Amino acid sequence: MKRLLLILVSIGAAFCMYAADIKGVVLDDKGEVLPGANVYWRGTTVGVTTDPDGSFRIPQVKETDFLVASFIGYRADTVLVKSGEEQVMVLVSDLTLDEVTITERKAGVVKSRVAAFNTETIGVDELCKAACCNLSEAFETNASVDVAYSDAATGAKQIKLLGLSGTYVQLLQENTPGVRGLAQNFGLEYIPGSWMQSIQVSKGTSSVINGYEAVSGQINVELLKPQTQNPLSINLMLNSELMGEVNIEGGWQIPLKEHDHHEEHHEHDTHCHHESLYTGLMAHYGGSFMPMDENKDGFADMPLVQNVNVANRWFFRHGDYTLIAFARGLYDRRRGGQIVEKTAPATNPYLINLNTWRVEGFLKNGYVYDDESGSSIALITSLSYHNLDNTYGLRNRRAHQWNAYLNGIWQRNWEGRGEVDNDHRLNAGVSVLMDLCYDWLGVYNTAQTGYASAIGDFSHLDVTPGIFAEYAYKYGEQLSLVAGVRADWSPHYGFFFTPRANIRYSPFEWWTLRASAGMGYRTPYVLADNAFVLPSSRALKFDRFDGKSMDVSHMTHEIGQEQAVNTGVSTTFYIPLGSKQLQLSAEYYYTHFLNSLIVDLDRDPHAVYFYNQQDMPNGKSFAHCAQVEASIEVLRGWTWTAAFRWTDIEQTTFNATTNQFELRPKALTNRYKGVITTSYQTPLKKWQFDVTAQFNGISRMPDGFDAKGDLMGGYGTPQTLRWYPQLMAQITKYFRTCSVYIGAENMTNFRQDNPIIGADDPYGANFDASMVWGPITGWKVYAGFRWSLDKKD
């Protein structure tokens, strides 16, 4: 047996170390591709030039591992490479050489120094520092974004940016509608980690081109592109809770037959109408097979999951015309609730059955009709259908949603006069956003043989056409400005306008200042936004503050559009320390709601109340968020990042102690978060070690609950929840074409004692799985394997 194992390991190691060509792309310091750049192995005569799209492929040599890229007017860049690793080489202009520090190790998180928006890009290197199984786990090393469980029974997760819940974050997938509406409950888990190429996180007001919905910011996920994908990639993962994943991806170029008459006209054509066609496939399966119950309350800590997710995309280019197509289908099944083997045979166990079907796709068309001015037109369309059938004990929710999106964009660029480069860009266009959502909630009778009554119908139809214009100006390296405005019309809310502005100013090369201000709007989805209350006995109630009772089934027609003003400032210092650079940043954002859907958990521990902020006497809602961050590469390959964020989110809710409505800190919302992360990569990138520590700050329980989550039997002083630490670590071993990794999460083993209230009587009045403020599972260990077959010419 030992000999057989040794043979298998040797074969696997040899397979991983199979030599392959090195591929990559050469960019300038502004992120633009550099066609015709020279790429060669240092000290050899082996070299190539980059293609028109800046990409290159060069055979690996035995003499050296140092690759050099050079171009006229730019300083050469030298990097240490390993086979199978795609290289991104950045050349700095001789005129702006002092503005960029080049290091051999690529940064996992890149913050633009020239963009007007306060945006950071999370790349593959950062995603691989932890068990990034899906989008919900992509922010464990990030201080700006929080992801936590929204309840203790379904495993649903909720994202937060600037302290505000994910409903106020515009989540996009390649700049098309992504996680929204019915997809909010588990949509973060529907984007596998190995499918992601990068994530852009924009804080505060973002571009009006993508719509009016970004209140606290925007998160855009870029998926793998078939023109840069490997022919075959495999990613396997298994954790100590017997949750496993299999991901298989691949991208291929499809040869196109050249027409003879094209060759005849090449001598007389000023443009070479080269055609290229690529396609890519991505497949994911995730499953768990054994229910866990660490706190012995009889409920599964996490539901058993079966998820199948398949996507196909195409890329076609003919001259100045580009077409991108994407289609995806998934099925997701979750089984949770009481573990039947642990309940008495005569009892009726509380079961959670969640079934989801989803299909979606988008189509992007772009055409550059004037190369000199960069004038272009684009048409982006997307369509999705989401269907769910969920059961929470006796409650049953059936819903489906159609979402359609169209965005037509015109763009023109031009250069101003003067000694200093000053560039102008103008975008304008039209858009249409349509949501048709059928959302019905009912309750079974105790025998579960039929419906005793309907709780409510939360369906709605909204078609919102709009127009927009956005102007961008760049003056040298000192100033960037983006200003835009939208005008949209809704059949429910009428006309509304969205002005936004972002500005960046760099008085010195080592100091950058940014400021932003703008409006954001969104249509509330009562159940989708607050599905965390469904695994509970809480009643749903709506108060108009007019002395009249309101049937919850008509709630949707009474809720107003949420409106907010977001303003923010940030500053970044780039401080040279010998050959290294210390990056210090500080930021502050304030979100003031003109109207919001206030969710009141304080008024009654057996109910959840919904209010229009505008209907409330002196109703208010706002959020302050401040963050400081420092990062540095202390030694070659060894990086440190430390960040601290403070939030103050307050809204008008009922105070049961004083028996009146008051402006209060929002319940179950952390006041601060600290993150310290360090990563070390050996010189030849054979090993990598990553450690992340989180410190999550105090919050409060809703009125009527003590700090342990138990009902107090009455009201008293609001209970403050203590802070808690979390520790994560991972070790990765790299081979030529593959890597293996092992890691652990929540190594402090801190978890909430009683995340489910009334677990011993799930059909009683006190049952509530929504009082979650900390981790609900303890220490977890995982291991995984990544392998890629490199492309061949």
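Definitions and limits used
Residues numbered from 1 in each chain as written. Predicted model: local features only at pLDDT ≥ 70, side-chain atom pairs only at ≥ 80, totals over all residues. Heavy atoms only, no water. Helix = DSSP H or I, 4+ residues; strand = E, 2+ residues; numbered from the N terminus. Contact = heavy atoms within 4.5 Å. Areas by Shrake-Rupley, 256 points an atom, 1.4 Å probe, with all protein chains shown as cover. Pairing = 2+ DSSP bridges. Axes fitted to C-alpha atoms, helices over the stretch in contact; angles between N-to-C directions. Core = buried A, V, L, I, M, F, W, Y, C linked by side-chain atoms within 4.5 Å. Buried < 20%, exposed > 50% of the residue type's maximum accessible area, 1.4 Å probe, protein only. 1 Å grid on protein atoms, 1.4 Å probe; cavity = no way out; pocket = protein on both sides within 12 Å on 5 of 7 lines; lining within 4 Å. Points joined across faces, edges and corners; volume = space filled by probe spheres on them. Nonpolar A, V, L, I, M, F, W, Y, C, P; charged D, E, K, R; others polar. Polar contact = N/O pair within 3.5 Å; in protein donor to acceptor, adjacent residues only side chain to side chain. pLDDT = per-residue confidence, 0-100. Phe/Tyr/Trp six-rings, centres within 6.5 Å; stacked < 30°, edge-to-face > 60°. Lys NZ or Arg CZ within 6 Å of the ring centre and 35° of its normal. Salt bridge = Lys/Arg side-chain N within 4 Å of Asp/Glu carboxyl O.

**So, the overall build of the protein**
Turning to step 1, where the next piece is worked out: Of the regular secondary structure elements, the protein holds 5 helices and 46 strands.
Turning to step 2, where the next piece is worked out: Counting only contacts in the protein whose residues sit at least 6 apart along the sequence, the fraction spanning at least 24 positions is 66%.
Turning to step 3, where the next piece is worked out: For the protein, the computed accessible surface area is about 34400 Å², with 60% contributed by carbon and sulfur atoms.

**Observations regarding the pairing of strand β39 (residues 660-665)**
Turning to step 1, where the next piece is worked out: Pairing between strand β38 (residues 638-655) and β39: 6 bridges, direction antiparallel. Counted as the bridge partner of N655 is Q660 from β39.
Turning to step 2, where the next piece is worked out: What sits between β38 and β39 in their antiparallel hairpin is a turn of 4 residues, with N659 showing a positive phi close to 60°.

**Points about the sheet that holds strand β32 (residues 539-542)**
Turning to step 1, where the next piece is worked out: Strand order across the open sheet formed by 3 strands is β32-β36-β35, with mixed pairing between neighbours. The sheet is open, and its two edges are formed by β32 and β35 (597-600), each paired on a single side. Here the average twist between neighbouring strands, direction ignored, is 25°.
Turning to step 2, where the next piece is worked out: The pairing of β32 with strand β36 (residues 607-612) spans 4 bridges and is parallel. Among the inter-strand pairings, A539 is bridged to a residue of β36, identified as A607.

**Here's the deal with the nonpolar core**
Turning to step 1, where the next piece is worked out: The biggest cluster of nonpolar side chains holds 45 residues, and the ones touching the most others in it are L540, F610 and L668.
Turning to step 2, where the next piece is worked out: If you look at the next biggest cluster of nonpolar residues, it comprises 32 residues, including C132, V169, V179 and C625.

**Describing the sheet that holds strand β11 (residues 145-149)**
Turning to step 1, where the next piece is worked out: In spatial order, the strands read β11-β12-β13; together these 3 strands make up an open sheet with antiparallel pairing. With partners counted over all chains shown, the strands left at the sheet margins are β11 and β13 (164-165), one partner each.
Turning to step 2, where the next piece is worked out: The sheet contact formed by β11 and strand β12 (residues 157-161) spans 5 bridges and is antiparallel. Across the sheet, residue D146 finds its bridge partner in β12, namely K160.

**Looking at empty space enclosed by the protein**
Turning to step 1, where the next piece is worked out: Enumeration over the complete set of coordinates arrives at 14 cavities of 30 Å³ or more.
Turning to step 2, where the next piece is worked out: Size it by volume and the second largest cavity reaches roughly 370 Å³.
Turning to step 3, where the next piece is worked out: What lines the second largest cavity is a set of 30 residues, and nearest its centre among them are Q170, R180, E213, L433 and D435.
Turning to step 4, where the next piece is worked out: Counting residues per element, the lining of the second largest cavity draws most heavily on strand β14 (residues 169-173), at 4 residues.
Turning to step 5, where the next piece is worked out: Its residues placed into classes, the lining of the second largest cavity shows 10 nonpolar, 13 polar and 7 charged.

**Quick notes on the environment of P755**
Turning to step 1, where the next piece is worked out: Here P755 lies in the loop between β45 (738-745) and β46 (780-789).
Turning to step 2, where the next piece is worked out: If sequence neighbours within four positions are ignored, P755 has contacts with A152, N295, D768, A769, M771 and I776.

**Observations concerning the side chain of E633**
Turning to step 1, where the next piece is worked out: Looking at where E633 falls in the secondary structure, it is placed in strand β37 (residues 621-635).
Turning to step 2, where the next piece is worked out: Relative accessible area serves as the criterion here: at 12%, E633 is assigned to the buried category.
Turning to step 3, where the next piece is worked out: Polar contacts involving the side chain of E633 include one to the main-chain amide nitrogen of G637, which spans 2.8 Å.

**Comments concerning the confidence of the model for the protein**
Turning to step 1, where the next piece is worked out: Overall, the predicted model of the protein reaches an average pLDDT of 86, with 86% of residues at or above 70.
Turning to step 2, where the next piece is worked out: Between residues 1-19, whose pLDDT stays under 50, and residues either more than four places distant or in other chains, the model counts 15 contacts.
Turning to step 3, where the next piece is worked out: Across residues 94-104 the pLDDT falls below 50, and counting only partners more than four positions away or on other chains, this stretch makes 21 contacts in the model.

**Some points on the packing of aromatic side chains**
Turning to step 1, where the next piece is worked out: In this structure the tally under the stated criterion is 30 aromatic pairs.
Turning to step 2, where the next piece is worked out: Between F654 and F661, the ring centres sit 5.3 Å apart and the planes meet at 75°, which makes this aromatic pair edge-to-face.
Turning to step 3, where the next piece is worked out: Residue F654 is classed as buried on the basis of its relative accessible area of 13%.
Turning to step 4, where the next piece is worked out: Residue class for F661 comes out partly exposed when judged on its relative accessible area of 30%.
Turning to step 5, where the next piece is worked out: Put simply, the rings of F545, Y609, Y611, F654 and F661 pair up and form one aromatic cluster.
Turning to step 6, where the next piece is worked out: Its end group placed over the ring of F362, K364 keeps NZ or CZ at 5.3 Å from the ring centre.

**Some thoughts on the pattern of salt bridges**
Any two side chains of opposite charge can pair, on the condition that their charged atoms come close.
Turning to step 1, where the next piece is worked out: In the structure shown here, the tally under the stated rule is 32 salt bridges.
Turning to step 2, where the next piece is worked out: Between E174 and K225 there is a salt bridge; the shortest N-O distance is 3.5 Å. Within this pair, whereas E174 is found in the loop between β14 and β15 (176-177), its partner K225 is found in the loop between β17 (217-223) and β18 (232-239), the two being separated by 51 residues in sequence. Accessibility assignment for this pair places E174 and K225 in one class, buried.
Turning to step 3, where the next piece is worked out: One salt bridge connects E189 with R334, and the closest N-O pair in it is separated by 3.2 Å. With E189 in the loop between β15 and β16 (196-203) and R334 in strand β22 (residues 321-337), this pair connects stretches of sequence that are 145 residues apart.
Turning to step 4, where the next piece is worked out: Where salt bridges share partners, they join E174, E222, K225, R313 and K364 into one cluster.

**A word on the environment of I380**
Turning to step 1, where the next piece is worked out: By secondary structure assignment, the location of I380 is in strand β24 (residues 375-392).
Turning to step 2, where the next piece is worked out: Through-space distance from the C-alpha of I380 to that of N365 is 6.4 Å; in sequence the pair is 15 residues apart.
Turning to step 3, where the next piece is worked out: Once residues within four sequence positions are removed from consideration, I380 is found in contact with T176, L363, K364, Y405, L406, N407 and I409.

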